[in-house]
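Reading the structure
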Amino acid sequence: MAKLGVNVDHVATLRQARKAEYPDPVIAARLALEEGASCITVHLREDRRHIQDSDVRRIRALPGCRLNLEMGATEEIIAIALDIKPDQVTLVPEKRQEITTEGGLDVAGQLALYQRVARRFTDAGIQVSLFIDPVIAQVNASAETSAYAIEINTGAYSEAKTEKTVIKSLREIENAVHAARALGLIVHAGHGLNYKNVGPIAALEGIEELNIGHSIVAHAVYSGIPSAVSTMMELMEKAMAQKQYGKVTA
């Protein structure tokens, strides 16, 4: 059965909307680990729109945490990653204007670059995964680097609107999984997976881990609202009771 890696980026997105101290992605990471998550994924973007450098360091320090750092292949982020030493880096394409990652790396078209970057991390004892579309040429190119794994972009599958396009996307992913395993690569998958569409991907043989974030954080908002509201009401009622009995002064 595929393991679940939990991405906590969007806990930080909510925090950064107010530049507050909460919600803390580190607490979210700890809770996810306590529920059995196999790893914690964070994307340290060049523009720091959500996860901050300090978040990565604090999550790295969590006991028993396997940290997967998503990152673009820029010198600034490479230097930070080599200093923090996550268990794994997943190299992803990154554009300032995009809302979220829009596609996979062009490893085949920039093979020398990814060979150099992957080698820097593997020489430092850090495992490397390459985020690619389910295209055989990209799988083959990834195997020519020192990466130990690929993460297959499930974005097209997640956005498919018809049964025909869903089946087509699944076949492409399945073919990519088989090709990667035949080349000795570990296979992860993720992007856009949610509670409605995860089943067929989780059922594919050969995928070791699914990385899921936004849908989990969004679901937690709903599932946690009753507790959050009742707790706030209890605090208010307690404060009023204390005031009534003279224990709270203005």
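Each chain has its residues counted from 1, running along the sequence as written. With pLDDT at 70 or above as the cut-off, local features in this predicted model cover only qualifying residues; side-chain atom pairs require 80 or more to be listed or tallied, and sums for whole chains, interfaces and linings still use all residues. As a convention, hydrogens and water are excluded, and side-chain values are obtained from all of the structure's heavy atoms.

**Side note on the pattern of salt bridges**
We count a salt bridge whenever a side-chain nitrogen from Lys or Arg sits within 4 Å of a carboxyl oxygen from Asp or Glu. According to the stated counting rule, one finds 13 salt bridges in the structure shown. Between R30 and E34 there is a salt bridge whose closest N-O contact spans 3.1 Å. A residue pair is termed a helical-turn pair when its members lie 3 or 4 positions apart in one helix, as R30 and E34 do in helix 2 (residues 25–34) at four residues. Of the charged contacts, one joins E75 and R120 as a salt bridge, the two residues approaching to 2.9 Å between their closest N and O atoms. Linking E75 in helix 4 (residues 75–84) with R120 in helix 5 (residues 111–123), this pair joins segments that are 45 residues apart in sequence. By definition, any uninterrupted DSSP run of H or I lasting at least four residues is a helix, any uninterrupted run of E lasting at least two residues is a strand, and each is numbered from the N terminus.

**Considerations on helix 5**
An expected span of 1.5 Å times one less than the residue number is assigned to each helix. Given a rise of 1.5 Å per residue, 13 residues ought to cover 18 Å, and the 18 Å separating the end C-alpha atoms of helix 5 matches this to within 8%. When accessible area is computed with a 1.4 Å probe and restricted to protein chains, residues below 20% of their type maximum are described as buried, those above 50% as exposed, and intermediate ones as partly exposed. For helix 5, every residue scored as buried is listed here: Y114, V117, A118 and F121. Along helix 5, the residues classed as buried sweep out an arc of 95° about the axis, all on the same side. Facing away from the buried surface of helix 5 by more than 90 degrees, the exposed residues are R116 and D123. Whether two residues touch is decided by their heavy atoms; if any such pair falls within 4.5 Å, the residues are in contact. On its buried face, helix 5 is in contact with strand 3 (67–71), helix 4, strand 4 (88–91) and strand 5 (127–132). One or two positions beyond helix 5, positive phi appears at G125, with a value near 80°. What the arc describes is the spread of directions from the helix axis to the C-beta atoms.

**Side note on unusual backbone geometry**
The omega torsion across Y22 and P23 is -5°, close enough to zero to call that bond cis. One can find P23 in the loop between helix 1 (9–16) and helix 2. Positive phi, close to 55°, is recorded for K19, a residue that is not glycine. By secondary structure assignment, the location of K19 is in the loop between helix 1 and helix 2. Its relative accessible area of 65% is what places K19 among the exposed residues. Non-glycine residue R48 carries a positive phi angle of around 55°. Relative to the assigned elements, R48 resides in the loop between strand 2 (39–43) and helix 3 (53–60). Exposure remark for R48: the relative accessible area of 15% places this residue in the buried category.

**Observations regarding the nonpolar core**
We call a set of buried residues a nonpolar core when its members are Ala, Val, Leu, Ile, Met, Phe, Trp, Tyr or Cys and they connect through side-chain atoms within 4.5 Å of each other. Core analysis: the largest hydrophobic core is formed by 61 residues, its most contacted members being I40, I59, F121 and I201. Ranked by the residues each element gives to this core, the list is headed by helix 8 (residues 163–182), at six residues. Residues in contact with I59, not counting those within four places in the same chain, are V8, P25, V26, A29, I40, V42, C65 and L67.

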